[in-house]
Amino acid sequence: MNRTRTALALGTAAAAALSVVSVTASAAPLPLAGSTTVTPAGHSFKATLSGKATFKAGSVTVTCTVSVATGTVPAAPGNTNPAGAVSSPISPPTYSSCTSSMWGVTPTVTTSGSWSVSMQNGAPATATMTVPVGGLVVHTTGLATCTVTAAPATAANVPGSWTNGAPSSLTFTNASVPVTVTGGFGCPTSATTSTFNAVYLVSDTTDPAQQITVGP
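So, here's what we can say about the structure. (Residues numbered from 1 in each chain as written. Predicted model: local features only at pLDDT ≥ 70, side-chain atom pairs only at ≥ 80, totals over all residues. Heavy atoms only, no water.)

A closer look at the overall build of the protein chain
Argument step 1. Helices and strands together make up the secondary structure of the protein chain, namely one helix and 16 strands.
Argument step 2. A buried classification covers 38% of the 216 residues belonging to the protein chain.
Argument step 3. Of the roughly 11200 Å² of accessible surface on the protein chain, a fraction of 63% belongs to carbon and sulfur atoms. (Helix = DSSP H or I, 4+ residues; strand = E, 2+ residues; numbered from the N terminus. Buried < 20%, exposed > 50% of the residue type's maximum accessible area, 1.4 Å probe, protein only. Areas by Shrake-Rupley, 256 points an atom, 1.4 Å probe, with all protein chains shown as cover.)

Following this line, the structure appears as structure tokens:
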């Protein structure tokens, strides 16, 4: 086959491939996010840990029994998004009364930076907590001195579920968070992710008789 025919054949094949890709892409459009409204607009809220929160990196688990964060539902009309989630800034969650699965090791959890939570109506409704770069650090002392830093390079979105109720709840089940681990003997330095589990009860602090609710 001469060069002209070869070029023609390659051009025809490329055009056909592009046509297939185009048809495939147009045949499976991404679903649009539904509308979301968080109420009451402008009300402040507090998220209080129910039970325990666990952070597991490698074979090491840190468990905390006290955790609190606060925030405010956006004022109207910002509390409604016709095509997606509604985001609210929150205070960096505090964690205390923490223990480690490693004997002789005491953990301390510190948080910092600009945190937020985004609620999306659906079946079920979802809530995504955003951890800023380096916004959560677990440091251990004792028989093993380790430092676990969450979201080490970029902000991390931690997926959870939302349930309306009295009070409403925000649940994280085996949510994966990118981490880096440094330290010596006993530290899970090969771990690149941490598994996070927690349930928070979310109460309206502006009017305790009302509930923070996610709807369409």
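Remarks on the sheet that holds strand β5 (residues 80–81)
Argument step 1. The strand order across the open sheet formed by three strands is β5-β1-β16, and the pairing between neighbours is antiparallel. Of all strands in the sheet, those bounded by a partner on one side alone are β5 and β16 (213–215).
Argument step 2. Bridge analysis of strand β1 (residues 36–39) against β16 gives three bridges, and the strand direction is antiparallel. Across the sheet, Thr37 pairs through a bridge with Gly215, a residue of β16. (Pairing = 2+ DSSP bridges.)

A short note on the side chain of Ser100
Argument step 1. Positionally, Ser100 belongs in strand β7 (residues 94–100).
Argument step 2. A polar atom in the side chain of Ser100 sits 3.0 Å from the backbone nitrogen of Met102.
Argument step 3. When residues no more than four places from it in sequence are discounted, the contact partners of Ser100 are Val60, Thr61, Val105 and Pro107. (Polar contact = N/O pair within 3.5 Å; in protein donor to acceptor, adjacent residues only side chain to side chain. Contact = heavy atoms within 4.5 Å.)

Some points on the state of the cysteines
Argument step 1. A full pass over the atoms with the stated rule returns two disulfides.
Argument step 2. Take the cysteines of the protein chain that form disulfides and number them in order along the sequence; they join up as 1-2, 3-4. (Disulfide = S-S within 2.5 Å.)

Considerations on the packing of aromatic side chains
Argument step 1. On inspection of all chains with the given rule, the structure shows three aromatic pairs.
Argument step 2. The interplanar angle of 80° and the centroid separation of 5.2 Å between the aromatic rings of Phe55 and Tyr95 together place this pair among those described as edge-to-face. Placement of the pair is Phe55 in strand β3 (residues 53–57) and Tyr95 in strand β7, with a sequence separation of 40 residues. Both residues of the pair, Phe55 and Tyr95, belong to the buried class.
Argument step 3. Members of the aromatic cluster, each reached through a chain of ring pairs, are Phe55, Tyr95, Phe172 and Phe196. (Phe/Tyr/Trp six-rings, centres within 6.5 Å; stacked < 30°, edge-to-face > 60°.)

Side note on the nonpolar core
Argument step 1. With 47 residues, the main nonpolar core has Tyr95, Leu136, Val158, Trp162, Leu170, Phe196 and Tyr200 as its most contacted residues.
Argument step 2. For Phe196, the contacting residues outside a window of four places in its chain are Ala53, Thr54, Phe55, Tyr95, Met129, Val158, Phe172, Thr173, Asn174, Ala175 and Val177. (Core = buried A, V, L, I, M, F, W, Y, C linked by side-chain atoms within 4.5 Å.)

Examining the environment of Gly122
Argument step 1. With respect to the helices, strands and loops of the structure, Gly122 is situated in the loop between β9 (115–120) and β10 (125–131).
Argument step 2. Between the C-alpha atom of Gly122 and that of Ser161, which follows or precedes it by 39 residues, the distance is 10.0 Å.

Focus on the pairing of strand β4 (residues 60–72)
Argument step 1. Summarising the sheet, strand β2 (residues 44–49) and β4 pair through five bridges and their orientation is antiparallel. Residue pairing across strands places Ala47 opposite Ala69, the latter belonging to β4.
Argument step 2. Bridge count for β3 against β4 is five bridges, and the pairing is antiparallel. From the neighbouring strand, Ala57 faces β4, where its bridge partner is Val60.
Argument step 3. Where β3 folds back onto β4 in an antiparallel hairpin, the turn is made up of two residues, including Gly58, whose phi is positive at roughly 60°.
Argument step 4. Bridge analysis of β4 against β7 gives six bridges, and the strand direction is antiparallel.

In short, shape yes, function no, at least from these values alone.
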